[in-house]
Amino acid sequence: MLIKNGNLHDGCGSVKKGDLRIVDGKIAQIGEKLEAAGTEAVFDASGMEVLPGFVQAISLWGVNGSMQEIRPSSNDNDERSNPITPELDAFYAFNGRAASVQQLGAYGVTSCGVAPSDNNLFGGTIAAFAVEGVNPYKMCLKRNIGMMASVTPNLKKTYGTRPAAPMTRMWIFTNFAEQLRKAFEYKETQDKPADDKLAALQKVVKGELPLFVSCDSLTAVERVREITDQYPDLKLILVNGFGLTGEEEWIAQRKIPLIVRTASNPMEEDAMTLDLKAIAALAKKGVPVALSGTYTNSLPIREDLLWNGAEMMRVLHDPEQVLSMITSTPAKILGMEDQVGALKEGLRADIVIWSGHPMKTYQAKVVRTYQAGRVIYKEGDEKTCM
């Protein structure tokens, strides 16, 4: 099909009026005054804003069964039997039936990173999915994106009440350092059985797999820095942004990606330390910043990216830069910039047509959402919670 006369926002900072052709689920051509070929369908986007689909960088979305299933709310990404489970894969937690009912496309979201929970020190690898469908193998965009780790108090809340380790920050950071050290030194031999945990973490210290670390404070960030600096090939990605001041020059100099995530409870102490002015200051220094939604399975995930974009606009005042924080930047952090996150020829046609710019006005509405060139929502469709 052909989308004509729209204001095309590429998600990387540029805007121009033009046309966009979709062929076989991909963006085949971007230009001006493109002519429809044969029976090609045409959508006139005059006066409308054409954006890449939003990319939710980190979420727990799609890991629960729907309420019609035998095992609803199963939290299948939350393995609480052991705080160190790097060998696990979030792909196997994904439930297409749970994912297809939330209509994320009606809010501009077309793909999501799905991660293990924050309750383990090393929880396993992240996968990413398109938002519409049932079969996880068909919905999956990428597996083994990176290793999810957490040095937050969630570990103490999860295991300390049993009582079982970890009960203290002392355990958390000692074992964070120790597991990476053992993985760095690990060698598989015929004399002893393979260690799946160390083999999985060895990919992290060798730089084959990025390490996403969820931190609850600036102190935690600095401890993670001190430990990971011992491995020059390790690719660090910081998650949350709580406690950052904007003056962390080492983050700016090394362009360490940052995923800013909405706290599930905004009244929690760590959530109150999130300073968007500090995040904006780091972004201005060239730090790749991705805005992400609530780290819960609740329906507000649909509105979170819009809300977080609006909040960032209050301090950054640059709608195209803010747009990149929920499109091209999270796609790049997830290693999917060759698939989604931008309006570029050759990428998936994950496209959302808005009545106005959603980073500029609350009045903007989704007119039509395309996932790989197929309409998954159009204005007027009923929005449901089931």
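Here the structure is shown first, and the text comes after it.
Residues numbered from 1 in each chain as written. Predicted model: local features only at pLDDT ≥ 70, side-chain atom pairs only at ≥ 80, totals over all residues. Heavy atoms only, no water.

1. Overview of unusual backbone geometry
Then, number 1: Of note, the bond from Arg162 into Pro163 is cis; its omega dihedral lies within 30 degrees of zero at -5°.
Then, number 2: Here Pro163 lies in the loop between helix H3 (154-159) and helix H4 (169-185).
Then, number 3: Of the consecutive residues Ala165 and Pro166, the connecting peptide bond is found in the cis state with omega at 5°.
Then, number 4: In this fold, Pro166 is placed in the loop between H3 and H4.
Then, number 5: If you check the backbone angles, Lys33 has positive phi at about 55° while not being a glycine. (Helix = DSSP H or I, 4+ residues; strand = E, 2+ residues; numbered from the N terminus.)

2. Regarding the pattern of salt bridges
Then, number 1: Using the criterion set out here, one finds 17 salt bridges in the structure.
Then, number 2: The closest approach of N and O atoms between Arg169 and Asp216, which form a salt bridge, is 2.7 Å. Of this pair, Arg169 sits in helix H4 while Asp216 sits in the loop between strand S12 (211-214) and helix H6 (218-228), placing them 47 residues apart in sequence.
Then, number 3: The class for Arg169 is partly exposed, based on a relative accessible area of 27%. (Salt bridge = Lys/Arg side-chain N within 4 Å of Asp/Glu carboxyl O. Buried < 20%, exposed > 50% of the residue type's maximum accessible area, 1.4 Å probe, protein only.)

3. Quick look at the nonpolar core
Then, number 1: Core analysis: the biggest nonpolar cluster contains 79 residues, and Phe122, Val151 and Phe176 have the highest contact counts within it.
Then, number 2: Core analysis: the next-biggest nonpolar cluster, separate from the first, contains 19 residues, Ile58, Ile145, Ile237 and Leu334 among them. (Core = buried A, V, L, I, M, F, W, Y, C linked by side-chain atoms within 4.5 Å.)

4. Let's talk about the layout of surface pockets
Then, number 1: The computed volume of the second largest pocket comes to approximately 400 Å³.
Then, number 2: Contributing to the lining of the second largest pocket are 23 residues, with Lys332, Ile333, Leu334, Gly335 and Glu337 lying nearest its centre.
Then, number 3: The biggest single contributor to the lining of the second largest pocket is helix H11 (residues 328-333), with five residues.
Then, number 4: Along the lines of polarity and charge, the residues of the lining of the second largest pocket split into 13 nonpolar, five polar and five charged. (1 Å grid on protein atoms, 1.4 Å probe; cavity = no way out; pocket = protein on both sides within 12 Å on 5 of 7 lines; lining within 4 Å. Points joined across faces, edges and corners; volume = space filled by probe spheres on them. Nonpolar A, V, L, I, M, F, W, Y, C, P; charged D, E, K, R; others polar.)

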